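Architecture at a glance
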Amino acid sequence: MPILVFGSLNMDLVAQVPRLPQAGETLLGTGFATVPGGKGANQAVAAARLGAPTTMVGRVGNDSFGPLLCDSLRAAGVNTDLVVADHGPSGVALIAVDGVGENQIVVVPGANGHVDASDVGRLPLTAEPSVLLMQFEIPLMAVQAAAERASDHLVIVDPAPARADLPASFYGLIDILTPNQTEASQLTGVEVHDVATAMEAAQILRQRGTSIVIVKLGSQGAVAVSKSEVFHLPAFQVAAVDTVAAGDAFNGGLAVALWEGQSLRESMTWASAVAALSVMNAGAQPSMPTREQVEDFLGSHSS
Ligand code: ATP
Ligand code: RIB
């Protein structure tokens, strides 16, 4: 089982706004869409669209969103046999996207918040090496237990949304940690805003026990720190329409490229191309590109 995603499925309720609202402000939106999302499901769709056999493990609610979320995964080629229907509502994300593609997101976990040890036990980890992708939209205890179970596999954790209460024992369970700049700041106390501060934060996180740390910097690209390498990879220059799930596109692409045996730098270039294509289109899962689109893009762009 090459790519396994243990994480969230959300229905994204997306409002287009002229600018992001301030506290206490009411704004008139210019458009609305209901779009399948959730960091886990988005990463699964990204990997499956690139042609990798991908399985999702998680929970939806018993509301009308549950079947739609599973349908969206299946349409992309993701195996949903291990997504179970829970009591209560599915996860939802309330998203505002402004005219330059920036966003604000409030996630209400719903069924994702009920993921527990029984779901960890259902992870189909076999002797075959696989990549396990996780995020922080399911309970931390489940992520930690899954990482412990998957110690013979490549474990990639996107620590999103940010949380500052990670136990010291967590870092050593993770092969690759991929915070964005907000998450890297909250995890380290370094105010991450450029390549230098991202590298500083990445070094701190690596010293806590994670083998490779990649800090995602939006249009500034990403930095990577491993035992043998420290480098910055600029982003591809594209016109961003909607950056929702750019980080998920990146992680899905990274997982597939590493699983296929590409080097860290090659895998990050591939991941950056997947992410760049995703920001050129609206919506979380609908914006994930196919392998053919990524190959065409890489043939005609340099980062
Ligand atoms: P999200 O939370 O919306 O999923 P994120 O905050 O985790 O995203 P970002 O740092 O915004 O992740 O972006 C991830 C990657 O996507 C970047 O490292 C970069 O490669 C690519 N990317 C993001 N924004 C842009 C952009 N405007 N132009 C080109 N590439 C971009
Ligand atoms: O990373 C983007 C995702 O974050 C959205 O799809 C939304 O569901 C939130 O979880």
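Please refer to the structure higher up on the page.
These lines cover the structure that appears in this document, whether it is placed above or below. Every value quoted in this text rests on a predicted model; they were computed, and no experiment measured them.

**Some remarks on the pairing of strand 1 (residues 3–6)**
Side chains Ile3 and Val5 of strand 1 all project onto a buried face; the interleaved residues Leu4 and Phe6 project onto the opposite face, where all are buried too. With four bridges joining them, strand 1 and strand 4 (residues 54–60) adopt parallel strand pairing. Its bridge partner being in strand 4, Phe6 is matched across the sheet by Val57. As defined by bridge partners, strand 1 adjoins strand 8 (residues 131–135) across four bridges and the pair is classed as parallel. Each residue of the ladder has a partner; that of Val5, found in strand 8, is Leu133.

**A word on the site of ligand 1**
In the neighbourhood of ligand 1, 22 residues make up the surrounding shell, with Asn180, Gly218, Gly221, Thr243 and Gly247 lying closest. At 3.5 Å from an oxygen atom of ligand 1 is found a main-chain nitrogen or oxygen belonging to Lys216. Between ligand 1 and Gly218 there is a distance of 2.7 Å, counted from an oxygen atom to a backbone nitrogen or oxygen. Burial of ligand 1 by the protein amounts to 88% of the accessible area it has alone, namely 630 Å². Per-element tally for the shell around ligand 1: the top contributor is helix 8 (residues 246–259), with four residues.

**A word on the site of ligand 2**
All residues in the neighbourhood of ligand 2 are listed as Asn10, Asp12, Gly37, Gly38, Lys39, Asn42, Ala93, Val107, Glu137, Ala245, Asp248 and Ala284. Between Glu137 and ligand 2, the recorded distance is 2.5 Å, taken from a side-chain N or O atom to an oxygen atom. Relative to its unbound accessible area of 270 Å², ligand 2 is 96% covered by the protein chains. If you list the elements that add at least two residues to the shell around ligand 2, you get strand 2 (10–16) and helix 1 (39–49). For the shell around ligand 2, the residue count by class is four nonpolar, four polar and four charged.

**With respect to the environment of Val108**
Here Val108 shows up in strand 7 (residues 103–108). A residue is classified by how much of its surface remains accessible, and Val108, at 42% relative accessible area, is partly exposed.

**With respect to the pairing of strand 11 (residues 212–216)**
With respect to burial, strand 11 is a largely interior element, five of its five residues being buried. Alternating positions in strand 11 separate into two faces, Ile212, Ile214 and Lys216 on one and Val213 and Val215 on the other, with burial throughout. Of the strand pairs in this sheet, strand 10 (residues 176–177) and strand 11 are connected by two bridges, and their pairing is parallel. For Ile176, the partnering residue across the bridge sits in strand 11 and is Ile212.

**Quick word on unusual backbone geometry**
The omega angle of the peptide bond from Ala160 to Pro161 is 0 degrees, so this bond is cis rather than trans. Looking at the element boundaries, Pro161 is found in the loop between strand 9 (154–158) and helix 5 (168–171). Residues other than glycine seldom take positive phi values, yet Ala245 does so here, at roughly 75 degrees. Structurally, Ala245 is set in the loop between strand 13 (230–233) and helix 8.

**Side note on the pattern of salt bridges**
Counted according to the given criterion, the structure contains ten salt bridges. Among the ionic pairs, Glu25 bridges to Arg19, the shortest N-O distance being 2.5 Å. For Arg163, the salt bridge identified is with Asp165, shortest N-O distance 2.7 Å. What makes Arg163 partly exposed here is its relative accessible area of 26%. Among the ionic contacts, a cluster of salt bridges with common partners joins Arg59, Asp86, Asp116, Asp119 and Arg122.

Scoring rules and cut-offs
- Residues numbered from 1 in each chain as written.
- Chains lettered and ligands numbered in written order.
- Predicted model: local features only at pLDDT ≥ 70, side-chain atom pairs only at ≥ 80, totals over all residues.
- Heavy atoms only, no water.
- Buried < 20%, exposed > 50% of the residue type's maximum accessible area, 1.4 Å probe, protein only.
- Helix = DSSP H or I, 4+ residues; strand = E, 2+ residues; numbered from the N terminus.
- Pairing = 2+ DSSP bridges.
- Near = heavy atom within 4 Å.
- Polar contact = N/O pair within 3.5 Å; in protein donor to acceptor, adjacent residues only side chain to side chain.
- Areas by Shrake-Rupley, 256 points an atom, 1.4 Å probe, with all protein chains shown as cover.
- Nonpolar A, V, L, I, M, F, W, Y, C, P; charged D, E, K, R; others polar.
- Salt bridge = Lys/Arg side-chain N within 4 Å of Asp/Glu carboxyl O.

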